Amino acid sequence: MRRIGGVIVWSILLLIMVGCSGGGGSSDTSPKEMIDNTETNDSTKWDTLYESFNVGIGMDGAYPFSDGSDTPIWLSSADLIFNDKIDQVSRYQPIEKFDGAAFKELQSKLKKTKYVVYWISKYWEENWVSVDDIQSAMDLGYVPVFNYWYFADELAGGLPDADTTQEYYTHNQKVLKFLQKLKGKKIVIMEPEFNKNSVVHTPTQEEQETFAKTLAQAIDTLRGGTEDTLFSLSMMDAGLRSATDSHVSCGYSPCALGDKKMWDSVEPIYTLLLPKLDFLSFSEMVGQFSRDHDDPGSQESPNPRSYTNDELGIEYLDTRIINLSTYMNEKYHKPVFLSHITIATATWSDDNSNGAIEESELDLSGWEDVAENFYLAMMDRKEELYQSGLFGFAVMKLFDDPQHDINGYQYFLNNEYHLGIIKTSARDEVDKYMMGDISFKGSIFDALFSN
């Protein structure tokens, strides 16, 4: 897809469906041949969706807020979008430090979102969301996006074996039954962050083809049983990011503007799956500190590292996104979507040089201005983003969560609690639930949702 003067010119008008695979059985057909000969997509069917640039937000079905007890008050995400009297809802009044005026302001802006993003993991249950609420949103023109994150970080340990693949196919059926209840336009993004080393660097070509075949069969299952569903595959924007280093392999100078060598590494997977994909996606997750990328440590004993703005190239990130969108659009001739983005807003300085994060060394709002500047730049450059092939992006999280992934891997360590664009006074790892005194991080929310 290329946009010229706001008009979409398609280089591929129709992909021909020549067959369909089914079940999880064996076949003498090679993985590549099976992908080539299974159900394909028609990327023109939703050209109206691609004709404008829109913003979305990652949502949970409901959010746990504290009432001072061990049992939370669950605040419905549907109320956050639809209920213009949310400040008067009786069941929300007991929320600890409830600020009705702030929630009313949140609702008035949040209803202007276009994409509402939900995550489906291996352990996902349908009752985590309300089908009726999602359908109501769809009926009003909102588009639900389901990031189907089944293999998730387990891919870092290697590609799925035969048993895991069969379990995945069973899970596909579970997701299909859910999707069949929703009538209208919807998006499924397969395996966001799929481009772990085990997928793009270490496996053989045959192993890559087998993995692509697995995803292809999942798409066929979901597409074959639903209507008005678009499919994508989302990669991480990995690679060099320094604002002071230049390498020929990056294709840009400095490397903060992009890393084509790293982006090229996903080509085998995307090329194999391209007939199945309506559009392509990527993600961005950046924080001033995290596990050391080169030496992350174990889950129990992480190695934290803080980075300078130049090391992360954060001031170049909006331009990098334009470059990556252009790269993907021109290379694969598909529309592009930014499936999830987060700028963690806490900072850490190892003042005593002991290599451990201590509470006194954290500034919980230390990067709010950096996040604000980034989102302002993104919205100021909407037309450039659109011309690059990007038809929208979604902010990963609405609220900071004081318990986020607390027993998990936590790549961003203490910054896992500061991934949202709205914060509360809840204390990290101490409070179980969010507080009702929500406050907006700078002008991020206004920039995203005022117009």
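Above this note sits the structure.
Residues numbered from 1 in each chain as written. Predicted model: local features only at pLDDT ≥ 70, side-chain atom pairs only at ≥ 80, totals over all residues. Heavy atoms only, no water.

A. Broad picture of the nonpolar core. Grouped together as the largest cluster of nonpolar side chains are 106 residues, with contacts concentrated most on L80, F393, L398 and F399. Leaving out residues up to four positions away in the same chain, L398 has contacts with I57, G58, M59, Y63, L80, L106, L110, G420, I421, I422 and F445. Core analysis: the next-biggest nonpolar cluster, separate from the first, contains 13 residues, L49, Y115, V145 and F279 among them. (Core = buried A, V, L, I, M, F, W, Y, C linked by side-chain atoms within 4.5 Å. Buried < 20%, exposed > 50% of the residue type's maximum accessible area, 1.4 Å probe, protein only. Contact = heavy atoms within 4.5 Å.)

B. The arrangement of the sheet that holds strand 9 (residues 229-236) in detail. Spatially, the eight strands close up into a barrel ordered 3-6-7-8-9-10-13-16, and their pairing is parallel. Neighbour-to-neighbour, the strand axes of the sheet open up by a mean angle of 30 degrees, direction not taken into account. Both strand 10 (residues 280-286) and strand 13 (residues 336-343) contribute to a ladder of seven bridges, which runs parallel. Bridge pairing in strand 13 links V286 to I343. Where helix 5 (residues 162-179) meets the sheet, its contacts fall on strand 6 (115-121), strand 7 (143-149) and strand 8 (186-190), and the angle it forms with strand 7 comes to roughly 170 degrees. Relative to strand 13, helix 12 (residues 368-380) is tilted by about 160 degrees, and along the sheet it contacts strand 3 (54-58), strand 13 and strand 16 (390-395). (Pairing = 2+ DSSP bridges. Helix = DSSP H or I, 4+ residues; strand = E, 2+ residues; numbered from the N terminus. Axes fitted to C-alpha atoms, helices over the stretch in contact; angles between N-to-C directions.)

C. View of the packing of aromatic side chains. Summed over all chains, the structure comprises 32 aromatic pairs. Three or more aromatic residues joined by ring pairs make a cluster, and in this case those are Y148, Y150, F151, Y168, Y169 and F211. Note that R291 overlies the ring of Y409, its terminal NZ or CZ placed 3.9 Å from the centroid. The residue whose ring lies beneath K331 is Y332, and the NZ or CZ to ring-centre distance is 5.9 Å. (Phe/Tyr/Trp six-rings, centres within 6.5 Å; stacked < 30°, edge-to-face > 60°. Lys NZ or Arg CZ within 6 Å of the ring centre and 35° of its normal.)

D. Representation of the environment of N147 in the model. Among the secondary structure elements, N147 is positioned in strand 7. Expressed as a C-alpha distance, the spacing of N147 and S339, which sit 192 residues apart in the sequence, is 7.9 Å. Not counting the four nearest positions on each side in its chain, N147 is found in contact with V117, Y118, W119, I120, I189, P192, S339 and H340.

E. Structural view of the environment of I314. In this structure, I314 sits in the loop between helix 10 (309-312) and helix 11 (317-332). I314 gets classed as buried once you look at its relative accessible area, which sits at 6%. Between the C-alpha atoms of I314 and S242, which are 72 residues apart in sequence, the distance is 8.9 Å.

F. Examining the layout of surface pockets more closely. By volume, the second largest pocket is sized at about 390 Å³. Around the second largest pocket, the lining comprises 20 residues; the ones closest to its centre are L364, H418, A426, R427 and D428. Its residues assigned to classes, the lining of the second largest pocket comprises six nonpolar, five polar and nine charged. (1 Å grid on protein atoms, 1.4 Å probe; cavity = no way out; pocket = protein on both sides within 12 Å on 5 of 7 lines; lining within 4 Å. Points joined across faces, edges and corners; volume = space filled by probe spheres on them. Nonpolar A, V, L, I, M, F, W, Y, C, P; charged D, E, K, R; others polar.)

G. Quick peek at the pairing of strand 9. Of all eight residues making up strand 9, seven are buried, and the element is well covered by its neighbours. The pairing of strand 8 with strand 9 spans five bridges and is parallel. Counterpart to V188 in the pairing with strand 9 is F231. Strand direction decides the pairing type here: strand 9 and strand 10, joined by three bridges, are parallel. When the sheet's bridge partners are listed, M236 is paired in strand 10 with S283.

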